[in-house]
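What follows is each chain in one-letter form.
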Number of protein chains: 6
Amino acid sequence: MRIQLINPNTTRAFTERLQHSAQLIAAAGTEVFATQPRLGTPSVESHVDEAWASLGVIAQVQDGEANGVDAYVVACFGDTGVAAAREVARGPVIGMTEAALFSACLLGASFSIITLPPRTLIHARRVLNECGLQHRCAGLRAIDVQVDDCQEEDNAALYQALLDEAHAALAHDRCEVLILGCAGLSEMVEPLQQALGIPVIDGVCAALKMAEGLVAMGLKTSKHSSFDFPPRDLRAQWPGL
Amino acid sequence: MRIQLINPNTTRAFTERLQHSAQLIAAAGTEVFATQPRLGTPSVESHVDEAWASLGVIAQVQDGEANGVDAYVVACFGDTGVAAAREVARGPVIGMTEAALFSACLLGASFSIITLPPRTLIHARRVLNECGLQHRCAGLRAIDVQVDDCQEEDNAALYQALLDEAHAALAHDRCEVLILGCAGLSEMVEPLQQALGIPVIDGVCAALKMAEGLVAMGLKTSKHSSFDFPPRDLRAQWPGL
Amino acid sequence: MRIQLINPNTTRAFTERLQHSAQLIAAAGTEVFATQPRLGTPSVESHVDEAWASLGVIAQVQDGEANGVDAYVVACFGDTGVAAAREVARGPVIGMTEAALFSACLLGASFSIITLPPRTLIHARRVLNECGLQHRCAGLRAIDVQVDDCQEEDNAALYQALLDEAHAALAHDRCEVLILGCAGLSEMVEPLQQALGIPVIDGVCAALKMAEGLVAMGLKTSKHSSFDFPPRDLRAQWPGL
Amino acid sequence: MRIQLINPNTTRAFTERLQHSAQLIAAAGTEVFATQPRLGTPSVESHVDEAWASLGVIAQVQDGEANGVDAYVVACFGDTGVAAAREVARGPVIGMTEAALFSACLLGASFSIITLPPRTLIHARRVLNECGLQHRCAGLRAIDVQVDDCQEEDNAALYQALLDEAHAALAHDRCEVLILGCAGLSEMVEPLQQALGIPVIDGVCAALKMAEGLVAMGLKTSKHSSFDFPPRDLRAQWPGL
Amino acid sequence: MRIQLINPNTTRAFTERLQHSAQLIAAAGTEVFATQPRLGTPSVESHVDEAWASLGVIAQVQDGEANGVDAYVVACFGDTGVAAAREVARGPVIGMTEAALFSACLLGASFSIITLPPRTLIHARRVLNECGLQHRCAGLRAIDVQVDDCQEEDNAALYQALLDEAHAALAHDRCEVLILGCAGLSEMVEPLQQALGIPVIDGVCAALKMAEGLVAMGLKTSKHSSFDFPPRDLRAQWPGL
Amino acid sequence: MRIQLINPNTTRAFTERLQHSAQLIAAAGTEVFATQPRLGTPSVESHVDEAWASLGVIAQVQDGEANGVDAYVVACFGDTGVAAAREVARGPVIGMTEAALFSACLLGASFSIITLPPRTLIHARRVLNECGLQHRCAGLRAIDVQVDDCQEEDNAALYQALLDEAHAALAHDRCEVLILGCAGLSEMVEPLQQALGIPVIDGVCAALKMAEGLVAMGLKTSKHSSFDFPPRDLRAQWPGL
C-alpha cells in the first residue's frame with residue numbers, strides 16, 4: 001500500500017518531519033512518502049496562501065496518480081485543497097483536520113482545538129462546519145505564533161505556548177480531548193498528553209491511519225457527482241508547477 | 001494488538017460471521033476476536049432490546065479489560081451501549097455507526113443509510129445527531145425486514161431488498177456513498193458496490209480499522225469527565241450476566 | 001386517574017420524598033404512587049448507572065401496565081429509560097427533564113440548568129438536544145456534589161451550593177428561568193424562587209402535571225413506529241428484577 | 001383557579017366553541033372563560049391580521065389582570081400576541097401552538113402539522129423555530145381552506161379535507177403524532193384519532209392543561225428581562241379597544 | 001425613485017434625524033422622505049410597544065402605496081412590523097436589522113451587535129434567527145440605556161457607553177464588524193469606526209442602499225404565499241390611525 | 001466610484017456580457033468595468049476549476065488595487081476566490097451568490113436556486129451554509145447543462161431548461177423567489193419573472209448594487225483578523241498570471 005503525504009507548502013524541513021513521523025506510525029505493509037510542491041508558499045496562513053497551495057496539492061496528487069498511489073493525506077490544518085484533490089484522485093484523500101475531528105469524537109464527548117496564528121481560526125471553523133461538529137467543540141483557540149515556528153527544530157517556546165493554552169482549554173472549556181491545529185507537531189503529542197492527562201491528537205497521524213483503513217477496505221473516493229474527475233487539466237499553463 | 005468485536009445480541013451465527021469478516025480485514029499484527037453476551041436479546045430492534053443489550057455490552061467490555069484488550073468495536077447499528085462501554089474501557093470503543101458515518105464523509109459529499117426494520121430509524125437518527133452529520137445525510141431509509149434476516153446464511157432476499165432501496169437512494173437522494181445499517185452484511189459490500197458504482201460501507205469493518213489506528217497512535221478513551229470510570233460495578237447483582 | 005412515579009434508583013428515602021412531594025401537587029382526582037426497582041443502582045450518575053437503571057424503569061412500567069396505570073413520570077434528570085418505557089406503556093411516559101425544559105420555555109425566553117455531578121452534564125445535554133432547546137439554554141451548569149446528597153434529609157449544604165450557582169447563572173447567563181437538574185429537590189423550589197426572583201422548576205412536579213393533562217385529554221403514547229410495543233419481553237431472564 | 005381563553009379574533013361563534021370545549025376538559029377546580037376583543041379581525045390569516053389581533057390579545061390580558069386571572073391561553077395557531085401578553089400578565093401565558101408542539105414531543109418521535117390556509121404556514125414555522133422543534137417535525141402541511149371554515153357549525157367538508165391530508169401525512173411523513181393547526185377543532189380530535197390510529201392534538205386543550213399545571217405549581221411568567229412589565233400602556237389612545 | 005423611511009415611533013426629533021441622515025447617503029435620483037405614525041408609542045422597547053408600533057408601520061405603508069412609493073425602510077432595530085408591511089407593499093420593504101446583518105457578512109467573518117436596552121435583546125435575537133446568522137454573530141450585547149437617549153441631540157454619554165461596549169466586543173468577541181442596534185445613530189458611525197479600526201454599520205443607511213438597489217433592478221416583494229396582499233383592511237376601525 | 005466586475009474564467013464573450021448587463025444597472029456615478037484573468041479556466045465547474053480560477057481572481061484584485069478600484073464583484077456562482085480577494089482588497093468584495101441569497105431574503109420567505117451543472121451543487125451549498133440560509137432555501141436544483149451554455153449568444157435551449165425547472169420549483173418547493181445560479185443570465189431575468197410571477201434574481205446585478213451601497217456608506221472590508229492583508233505576494237512565481 002502506497003500512501004502519499006502531501007505537504008501543501010514548500011518548506012523542505014517540514015516535509016522531512018512529516019516523512020519522519022509518518023514512518024514511525026505507518027503499518028508494516030505501508031509505504032509512506034512525503035512530497036512538497038515545486039512552487040508555492042512557505043507556509044499556509046491566509047486564504048491567499050491557500051489559493052497558491054491548492055495548486056500544489058492538485059499537482060502532487062496528479063503525480064501520485066501517475067505513480068500508483070493508493071491514498072493521500074493532506075498535511076495542512078484547514079484541509080487546503082482537499083476537495084480538489086478528491087476530484088483528481090481515485091483513492092481516498094484525507095485532510096488532517098477532518099481526521100483529527102473524527103478521531104477526537106471517538107475518544108471523548110468534546111474537544112478543544114489549538115491552532116495558529118489567530119487569523120487562521122476561520123479555516124479551522126470552515127472544516128468544523130463541514131464536519132458538523134460545532135456542538136462537540138468545547139473551544140477553538142489560537143496562539144499568536146507564525147506557522148514557520150511549527151516547522152523549526154528547536155521549538156521549546158512553541159511547546160510552552162501550546163501547553164499554556166491547553167491548560168486554559170482544560171480549565172475553561174472542560175474539553176475531554178485536545179487537537180493540535182498545525183501539522184508537524186507530532187513530537188509534542190506525547191509530552192502534552194502526559195502533562196494534561198487527556199488524549200492529544202495529531203491530525204497527520206490520524207489521517208494516515210484512516211487512509212490505511214480505507215485502502216484496506218478497498219474503498220475509494222466516490223466519483224458520483226461532487227468529486228467526479230475534473231473536466232479539464234490546466235497544469236500545462238504553468239510550466240514550473 | 002487485541003481488538004474485541006462486541007456482538008450485543010446472543011445469536012451465535014452472527015458472532016461467527018463477525019469473527020469471519022473481521023479476520024479478513026484485520027491488519028497483520030491484530031488479534032481480533034468476537035464475543036457475545038451470556039444473557040440478552042437475540043437481536044436489537046427496539047429501545048427495550050437496547051436496554052437489555054447494553055448490559056451485555058458492559059459485561060463483555062469488563063471481561064475484555066480483564067483480558068488485556070486494547071480496543072473494542074460494538075457491532076450494532078445504533079451504537080448500543082457505546083457510551084457506557086467507554087466508561088468501563090481504558091482503550092478506545094468504536095461504534096459501527098459512527099465509524100460508518102465518519103468514513104462516508106471522507107469519501108463523498110453525502111451519504112444515504114439503509115437500515116432495518118423501520119422502527120429502528122430513530123436509533124440511526126440518534127447517532128446521526130450525536131455526530132452532527134444530518135447535513136451530510138442525503139437519505140435515511142429503512143427496509144421492512146427483521147434483523148434476524150441479516151444473520152442468516154442464505155440472504156438473497158435481503159440482498160435484493162437492499163439493492164432495490166439502494167437504487168432508489170441513488171436516484172432520489174443523489175447520495176454519493178451508501179452505508180449499510182446492519183451488522184453482519186460485509187459480504188454484500190462488494191456486490192452492492194459493483195452494482196451501484198459508489199462506495200458502500202460496512203460499519204463493522206470501518207470501526208475495526210479505526211480502532212486499529214487509534215491503538216497504533218497510543219490513544220485511549222478520555223477519562224476526563226463524561227467517560228470517567230463508572231462509580232460502581234453492579235454486575236454481581238445479576239449472576240448469569 | 002393513576003399516575004406512577006418511577007424512581008430509577010433503589011434508594012428508598014428518595015422514593016418516599018417523590019411520593020411526598022407528588023401528593024402535594026397532584027390534582028384532586030389523581031392517585032399518585034412512587035415505586036422503585038427491586039434491583040439496580042443507588043443513584044444514576046454515569047452511563048453505566050443508566051444502563052442498570054433502564055432495566056428497572058422498564059420493569060416498573062411493566063408492573064404499572066398490569067396495574068392499570070394511566071401515565072408514568074420518570075424521576076431522573078437525564079430521562080433515563082424513557083424511550084424504552086414508552087414502548088412498554090400504553091399511556092404517556094414523561095421524563096422530568098423534558099417536562100422541565102418545556103415548562104421553562106413557557107415562562108421565559110431562556111433558562112439555565114444546574115445539575116450534578118459534573119460528569120452527568122452529558123446526560124442533560126442529550127435531552128436538551130433531543131428537545132431542540134440548545135438555543136433557549138443560557139447556561140448548563142454543574143455543582144460538584146454526589147447525587148446521594150439530593151436524597152438526604154438534611155441538605156443545607158446542597159441548598160447553599162445550588163443557591164451560589166444560581167446566583168452565578170443569573171449574573172452571567174442572564175437566564176430568565178432556573179431548572180433544578182436533580183430529582184427530589186422540590187422543597188428547595190420555593191426558597192430558591194424567593195431568593196432569585198425568577199421561576200424555579202422542579203422537573204418531577206412539571207412532569208406530573210403534564211402527565212395529568214395528557215391523560216385528561218385522552219392522549220396516549222403513539223404506537224406508530226418508534227415507540228411501538230417491544231418485539232419481546234426478556235425480563236424472565238433476570239429472576240429478581 | 002381562573003384561566004382565561006383568549007380568542008384573538010372577533011367571531012363570537014368561535015369564542016363560544018372555545019368556551020364549550022374548554023369546559024369539557026377543565027379540571028374540577030378550574031374556572032375557564034373565553035373572551036374576545038371588542039375590535040379586531042374576524043380571523044387571523046396574515047401578518048396584518050396578526051398586528052390587529054395582537055392589540056386585542058393585549059387588551060384582553062389587561063382586563064384579565066384586573067379580574068384576578070391566574071393564567072391565559074391564546075387560542076390562535078401561530079401564537080399571535082403571546083410575547084406581548086407575557087409582558088402584561090403576572091401568571092403564565094400559553095400559546096396553543098407551543099403547547100401542541102411540546103405535547104406532541106411527549107407522545108411520539110415526530111409529528112406532522114396540518115394548518116390552514118397555505119399563507120399561514122410561515123406563522124406555524126415561526127413558532128416551530130422558536131421552540132427548536134424543526135427536527136421533530138415530519139411535515140408541515142396546509143389545506144386550502146379559510147379560517148372561517150374552522151369556525152362554522154357544519155364543517156363536514158373541513159373534516160374530510162383534514163382527514164385526507166392526515167392520511168397523506170401518515171403515509172409520506174411517517175409522522176407519529178398529528179397536530180391540528182387551527183383553534184376550534186376540538187370536536188374533530190376523537191374521530192381523526194379513531195381514523196388514523198395515532199394521537200391527534202388540539203392545541204387549545206393542550207394549552208389549557210399546561211396552564212392549569214403551571215398555576216398548580218405556583219409558577220408565573222419570569223419578569224427578568226424579556227417579559228418584564230411593559231414600560232407604558234397605550235390603550236387609552238384607542239377608545240373602543 | 002421614491003423611498004419612504006418609516007419611523008415606527010411617534011418622536012418627531014427622531015423622524016427628522018432619519019430624514020437628515022438618509023439625505024446624506026441617498027443616491028442622486030432618489031427621493032427619500034421619513035414619516036411617523038399619527039398614533040403610537042414614543043419608542044419601541046418591548047413586545048407591547050412593538051404591537052402598537054406595528055399598526056403605525058402598516059398605516060404608513062398604506063399611505064405610501066397611495067403615494068407611489070417604490071420601497072420602504074423600517075427604521076427600528078428588531079424590524080418591527082416588517083412582515084406585515086411586506087403584505088401591504090408592492091415594492092420591497094427592508095428592515096434596518098436584516099440590512100445591517102447582511103451588510104456585516106459582506107465585510108467580515110463575524111460581527112458583534114450592541115443594542116439597547118437589555119430587554120430588547122430578544123428582538124435582535126429574533127431577527128438574527130430569521131436571517132440564520134447566529135454562527136456569524138460573535139457577540140450580542142446591550143447597554144443599559146433607554147431608546148429615548150438615541151433620539152436626543154446631545155448624546156455624548158450614549159457615545160461613550162457605545163464606545164466602551166465596542167471595545168469590550170473587540171477584545172472579547174474578536175468581532176470583525178460592529179453593528180449599531182438602534183436607529184438614529186448614523187452620526188456616531190464615523191467616530192466609532194475611527195476609534196475601533198473596524199467597519200461600523202448603521203442599519204438605516206444599509207437598508208436605504210439595499211432598497212435603492214432592489215428598486216433599480218425592478219425587484220418587488222413576492223406576492224406568492226407568505227407576503228400576499230392581506231385579506232382585509234381594518235384601519236377604518238381606528239379613526240385616528 | 002469604480003467597481004470592477006471580476007470574471008473568474010477566461011471566456012471573453014462572458015466578460016463582455018457582464019460588462020453589458022452591469023452598465024444597464026449601474027448608478028449614474030458608477031464606473032463599472034469587467035475584467036478576466038490572463039490565464040485560467042474557460043469555465044468554473046469543479047473544485048479543480050475553482051483552484052485555478054482563484055488565482056485569477058486574486059490577480060485581478062491586485063490589479064484593481066493598483067487602479068484605485070472601490071469595490072469588486074466576483075461573477076461566479078459559488079463565490080470562487082471571494083475570501084482570498086477580501087484579503088487583497090481594501091474596499092468591499094461581493095460574491096454574486098451571497099448577494100443573491102441576501103436579496104432573496106428581503107423579498108420573500110423562501111427561495112429556490114437553479115444552478116448548473118449538477119456537480120456544482122456542492123459549491124452552491126457551501127455558500128448557503130456560510131450564509132446560514134439553509135432554512136430559507138426551499139429547493140436547490142440543477143439542470144444538466146454545461147456552464148459554457150450560459151456564455152453563448154443563442155441560448156433558447158438553456159432558457160427552456162431553466163423555465164421548466166423553475167416551474168417545478170414553484171410547484172414542488174413552493175418557493176417565493178427564484179435565484180439563477182449562473183453568471184451571465186441577466187437577460188433571462190425579465191422573461192422568467194413574467195412567466196413565473198415571482199421575483200427572479202441575477203446575483204451579478206444584486207452584487208453590483210450592494211457594492212455601490214457599501215461604497216456610498218464608506219464601508220470597507222474589515223482588516224481585523226480573517227481578511228487582513230495576506231502575509232506575502234506569490235504572483236511573481238507565475239510570470240503570465
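Not measured: the values here are computed from a predicted model.

So, the relation of the copies chain B and chain A
Right, so step 1: Take chain B, turn it by 180°, move it 0.0 Å along the axis, and it overlays chain A with an RMSD of 0.0 Å. The superposition of one copy onto the other is thereby described by a two-fold rotation axis. Every residue of chain B has its C-alpha some distance from the rotation axis, and the shortest such distance is that of Gly132(B), at 2.3 Å.
Right, so step 2: Interface residue correspondence from chain B to chain A reaches 100%, placing this contact among same-surface, isologous pairings.

Describing the pairing of strand S7 (residues 177–181) of chain E
All names here are of chain E.
Right, so step 1: Burial within S7 is extensive, with five of its five residues counted as buried.
Right, so step 2: Side chains of S7 alternate between two faces, with Val177, Ile179 and Gly181 and Leu178 and Leu180 buried alike.
Right, so step 3: In the sheet, strand S5 (residues 111–115) pairs with S7 via five bridges, with the strands oriented parallel. Its bridge partner being in S7, isoleucine 113 is matched across the sheet by isoleucine 179.
Right, so step 4: Relative to strand S8 (residues 200–202), S7 is paired through three bridges, and the arrangement is parallel. Within the sheet, the bridge partner assigned to leucine 178 lies in S8 and is valine 200.
Right, so step 5: As for the winding sense of the linkage, the β-α-β connection from S7 through helix H7 (residues 186–196) to S8 is right-handed.

Some details on the packing of helix H4 (residues 96–107) of chain E against helix H4 (residues 96–107) of chain F
Right, so step 1: Contact geometry of H4(E) with H4(F) gives a least axis separation of 11 Å together with a crossing angle of 175°. The pairing of H4(E) with H4(F) is recorded here as roughly antiparallel in orientation. Between H4(E) and H4(F), the residues in contact are Glu98(E), Phe102(E), Cys105(E) and Leu106(E) and Glu98(F), Phe102(F), Cys105(F) and Leu106(F), respectively.

Overview of the relation of the copies chain D and chain E
Right, so step 1: After a rotation of 180° and a shift along the axis of 0.0 Å, chain D superposes on chain E with an RMSD of 0.0 Å.
Right, so step 2: Looking at chain D, 100% of its interface residues are interface residues in chain E too, so the copies touch through the same face.

Some remarks on the packing of aromatic side chains
Right, so step 1: Under the criterion given, the structure shown has twelve aromatic pairs over all chains.
Right, so step 2: Measuring from centroid to centroid gives 3.8 Å for Trp238(B) and Trp238(C), while their planes differ by 0°, and the two rings are stacked. You can see Trp238(B) sitting in the segment after helix H8 (203–216) and its partner Trp238(C) sitting in the segment after helix H8 (203–216), one on each of two chains. Residues Trp238(B) and Trp238(C) agree in their burial class; the two are buried.
Right, so step 3: Consider the rings of Trp52(F) and Trp238(F), whose centres lie 5.7 Å apart with planes at 70°: the pair is edge-to-face. Linking Trp52(F) in helix H2 (residues 47–66) with Trp238(F) in the segment after helix H8 (203–216), this pair joins segments that are 186 residues apart in sequence. Across this residue pair, the class does not change: Trp52(F) and Trp238(F) are buried.
Right, so step 4: Here a set of aromatic residues connected by ring pairs shows up, and it is made of Trp52(A), Trp238(A), Trp52(F) and Trp238(F).
Right, so step 5: Its end group placed over the ring of Phe227(B), Arg86(B) keeps NZ or CZ at 5.8 Å from the ring centre.

Quick notes on the arrangement of the chains
Right, so step 1: Kept free of each other, chain A and chain D leave a smallest C-alpha distance of 15 Å between them.
Right, so step 2: Regarding chain B and chain E, the two do not touch, and the least distance separating their C-alpha atoms is 15 Å.

A short note on the interface of chain D and chain E
Right, so step 1: At the junction of the two partners, chain D supplies 35 residues and chain E supplies 35 residues.
Right, so step 2: Summing both sides of the interface, chain D and chain E together bury roughly 3,000 Å²; the carbon and sulfur share of this comes to 60%.
Right, so step 3: Connecting chain D to chain E are six salt bridges.
Right, so step 4: A salt bridge links Asp49(E) to Arg232(D); the shortest N-O distance between them is 2.6 Å.
Right, so step 5: If you look at where chain D meets chain E, you find 20 residue pairs in polar contact (both at pLDDT 80 or more).
Right, so step 6: Those elements that place two or more of their residues in the side of chain D that touches chain E are helix H2 (47–66) and helix H3 (82–88) of chain D.
Right, so step 7: The dominant element in the side of chain D that touches chain E, judged by the number of residues it contributes, is H2(D), at eight residues.
Right, so step 8: Tallied by class, the residues present in the side of chain D that touches chain E amount to 19 nonpolar, nine polar and seven charged.

With respect to the sheet that holds strand S4 (residues 93–95) of chain A
Residue and element names in this part refer to chain A.
Right, so step 1: Strand order across the open sheet formed by four strands is S2-S1-S3-S4, with parallel pairing between neighbours. The open sheet has two edge strands with one neighbour each: strand S2 (31–35) and S4. Within the sheet, the average angular offset between the axes of one strand and its neighbour, ignoring direction, is 20°.
Right, so step 2: Summarising the sheet, strand S3 (residues 71–74) and S4 pair through three bridges and their orientation is parallel. From the neighbouring strand, valine 73 faces S4, where its bridge partner is isoleucine 94.
Right, so step 3: Running at roughly 165° to strand S1 (residues 2–6), helix H2 (residues 47–66) makes contact with S1, S2 and S3 of the sheet.
Right, so step 4: Running at roughly 165° to S3, helix H8 (residues 203–216) makes contact with S1, S2, S3 and S4 of the sheet.

Points about the domain arrangement of chain A
Residues and elements named next belong to chain A.
Right, so step 1: Its domain assignment divides chain A into domain 1 (2–95 + 205–224) and domain 2 (97–202).
Right, so step 2: Distance from the C-alpha centre of domain 1 to the C-alpha centre of domain 2: 20 Å.
Right, so step 3: Facing the 27 residues of domain 1 at the interface are 33 residues of domain 2.
Right, so step 4: Summed over the three residues of domain 1 that lose the most area to domain 2, namely Arg17, Glu45 and Phe77, the buried surface amounts to 38% of that side.
Right, so step 5: Counting the contacts that link domain 1 with domain 2 gives two salt bridges.
Right, so step 6: Here glutamate 50 ties to arginine 126 by a salt bridge, and the two come within 2.8 Å at their closest N and O atoms.
Right, so step 7: If you look at where domain 1 meets domain 2, you find 15 residue pairs in polar contact (both at pLDDT 80 or more).
Right, so step 8: Elements with a contribution of two residues or more to the side of domain 1 that touches domain 2: helix H1 (12–25), H2, helix H3 (82–88), S4 and H8.
Right, so step 9: Classifying every residue of the side of domain 1 that touches domain 2 gives 14 nonpolar, eight polar and five charged.

Cut-off values and rules
Every chain is numbered independently, its residues counted from 1 as its sequence is written. Working convention: letters from A go to chains and numbers from 1 go to ligands, in the order in which they are written. Thresholds applied to this predicted model are a pLDDT of at least 70 for local features of residues and 80 or more for the giving and counting of side-chain atom pairs; totals over whole chains, interfaces and linings are not thresholded and use all residues. The side-chain numbers reported here are obtained from all heavy atoms of the structure, hydrogens and water having been left aside. Here the copies are superposed with least squares, the fitted atoms being C-alpha atoms of residues at a pLDDT of at least 70 in both. Only heavy atoms enter the contact rule, under which two residues are in contact if any of them lie within 4.5 Å. Each residue's exposure class comes from its accessible area (1.4 Å probe, protein chains only) as a fraction of the maximum for that residue type: buried when under 20%, exposed when over 50%, partly exposed otherwise. Numbering of helices and strands runs from the N terminus, with a helix taken as a DSSP run of H or I at least four residues long and a strand as a DSSP run of E at least two residues long. DSSP calls a pair of strands paired once it identifies at least 2 bridges connecting them. Throughout, right-handed denotes a crossover for which the path from the first strand over the helix to the second runs clockwise when the strands point away from the viewer. Here, axes are lines fitted to C-alpha atoms. For helices the fit covers the stretch in contact, and angles between N-to-C directions go from 0 to 180 degrees. Any angle from 65 to 115 degrees is called roughly perpendicular, while one under 35 is roughly parallel, one over 145 is roughly antiparallel, and all others are oblique. Working definition: a ring pair exists when centres of Phe, Tyr or Trp rings (six-membered ring for Trp) sit within 6.5 Å. Plane angles under 30 degrees give stacked, over 60 give edge-to-face, the rest tilted. Here, a charge over a ring is recorded when the distance from Lys NZ or Arg CZ to the ring centre is within 6 Å and its angle to the ring normal is within 35 degrees. By buried area we mean how much accessible surface two parts lose on assembly, using a 1.4 Å probe and totalling the loss over both. Here, a salt bridge means any Lys or Arg side-chain nitrogen found within 4 Å of an Asp or Glu carboxyl oxygen. Definition of a polar contact: a pair of N or O atoms within 3.5 Å, with one able to donate and the other able to accept a hydrogen when the atoms are protein atoms, and with sequence-neighbouring residues admitted only if both atoms are side-chain atoms. All residues other than Ala, Val, Leu, Ile, Met, Phe, Trp, Tyr, Cys, Pro, Asp, Glu, Lys and Arg, Gly among them, are scored as polar; the first ten of these are nonpolar and the last four charged. These domain boundaries are the output of an automatic or database domain assignment.

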